[in-house]
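# Fold and contact review
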Amino acid sequence: MSQSVLSDGIAILDINPLSEGHTLVMPKYHANKLDEVPDQYLVDLLPLSKKIAVSTGCPNYNLLQNNGQPPPSVSFRHVPHFHIHVIPKRDGQDGIRFRAEDFDRRVAERDEKELTKIGAGPGQDERRPLANVRMPAPED
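What you see is a predicted model; the values in this text were computed from it and never measured.

Take the UniProt feature "active site" (unreviewed entry) in the protein chain next. UniProt's entry tags His83 with the feature "active site" (unreviewed entry), counted in the numbering of this structure. Note on placement: His83 falls in the loop between β4 (61–64) and β5 (84–88). Taking the relative accessible area as the measure of exposure, His83 reaches 7% and is therefore buried. A distance of 2.6 Å separates the side chain of His83 from the backbone oxygen of His81, its partner in a polar contact.

Printed below as a string of structure tokens:
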């Protein structure tokens, strides 16, 4: 098993890869879910994930992180340790495949009442800034 250690992060190749180079990036702190990992152990994970994605040579890739209990889990998580998947996509068959019809169907199933409840009317963009979210000031 190939392993790389960088500061507070560890990267290993997935034993059941969805594509060549499928890598798991995790903190050197045991936690089941993202919200259980102290922030100082998360700092290096996205830069490490980025380095791995770039090193695959694939211009397309997925970053995936699932939270929930191991199977049967609605989040499809199989390992009881927080981790990020870096999944290179060399073509449309590699890695995770999203189908536009799945998203179209979900949007069509929403009725006007639900859209109004979340603050968007029919035909309006549902995205909006998160309210009451405070980001910590950068440390000098």
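With that out of the way, let us pick up a nonpolar patch on the surface. Taken together, the side chains of Leu46, Tyr61 and Leu63 present a nonpolar region at the surface, about 300 Å² in accessible area. Its place among the elements puts Leu63 in strand β4.

So, on to the nonpolar core. Counting residues in hydrophobic clusters, the biggest one holds eleven residues: Ala11, Val25, Ala31, Val37, Leu45, Leu48, Ile52, Ala53, Phe82, Ile84 and Val86. Taken together, the elements giving at least two residues each to this core come down to α1 (45–55) and β5. Of all the elements, α1 adds the most residues to this core, at four residues. Aside from chain neighbours lying at most four places away, what touches Val37 is Pro27, Tyr29, Ala31, Leu42 and Phe82.

As for its position among the elements, Asp14 is in the loop between β2 (9–13) and β3 (23–27). For Asp14, a relative accessible area of 14% puts it in the buried group. Of note is the side chain of Asp14, whose polar atom sits 2.7 Å from the backbone nitrogen of Asn16. Discounting residues that sit within four places of it in the chain, Asp14 has contacts with His22, Thr23, Leu24 and His85.

Attention now goes to the side chain of Lys89. Structurally, Lys89 can be placed in the loop between β5 and α2 (100–109). Notably, Lys89 is buried but unbridged: the nearest opposite-charge side chain belongs to Asp91, and the N-O separation is 6.9 Å. With sequence-adjacent residues up to four places away left out, Lys89 is seen in contact with Cys58, Asn60, Tyr61, Asn62, Asp94, Gly95 and Ile96.

For the structure shown, the criterion picks out one aromatic pair. Taking the centre distance of 4.8 Å and the plane angle of 35° together, the rings of Tyr29 and Tyr41 count as tilted. Note that Tyr29 is positioned in the loop between β3 and α1 and Tyr41 in the loop between β3 and α1, a separation of twelve residues in sequence. Owing to a relative accessible area of 22%, Tyr41 belongs among the partly exposed residues under this scheme.

Now for the pairing of β5. Most of β5 is tucked away, with five of its five residues classed as buried. Neither face of β5 is exposed, since Ile84, Val86 and Pro88 on one face and His85 and Ile87 on the opposite face are all buried. Here β3 runs beside β5; their pairing, made up of three bridges, is antiparallel. Across the sheet, Thr23 pairs through a bridge with Val86, a residue of β5. Here four bridges tie β4 to β5, and the two strands are oriented antiparallel to one another. Residue pairing across strands places Leu64 opposite His85, the latter belonging to β5.

Parameters and conventions
Residues numbered from 1 in each chain as written. Predicted model: local features only at pLDDT ≥ 70, side-chain atom pairs only at ≥ 80, totals over all residues. Heavy atoms only, no water. UniProt positions renumbered as here; feature names shortened; annotations may be inferred. Helix = DSSP H or I, 4+ residues; strand = E, 2+ residues; numbered from the N terminus. Buried < 20%, exposed > 50% of the residue type's maximum accessible area, 1.4 Å probe, protein only. Polar contact = N/O pair within 3.5 Å; in protein donor to acceptor, adjacent residues only side chain to side chain. Patch = residues over 30% accessible without salt bridge, like charges linked within 9 Å, V, L, I, M, F, W, Y side chains within 5 Å. Areas by Shrake-Rupley, 256 points an atom, 1.4 Å probe, with all protein chains shown as cover. Salt bridge = Lys/Arg side-chain N within 4 Å of Asp/Glu carboxyl O. Core = buried A, V, L, I, M, F, W, Y, C linked by side-chain atoms within 4.5 Å. Contact = heavy atoms within 4.5 Å. Lys, Arg positive; Asp, Glu negative; His and termini not counted. Phe/Tyr/Trp six-rings, centres within 6.5 Å; stacked < 30°, edge-to-face > 60°. Pairing = 2+ DSSP bridges.

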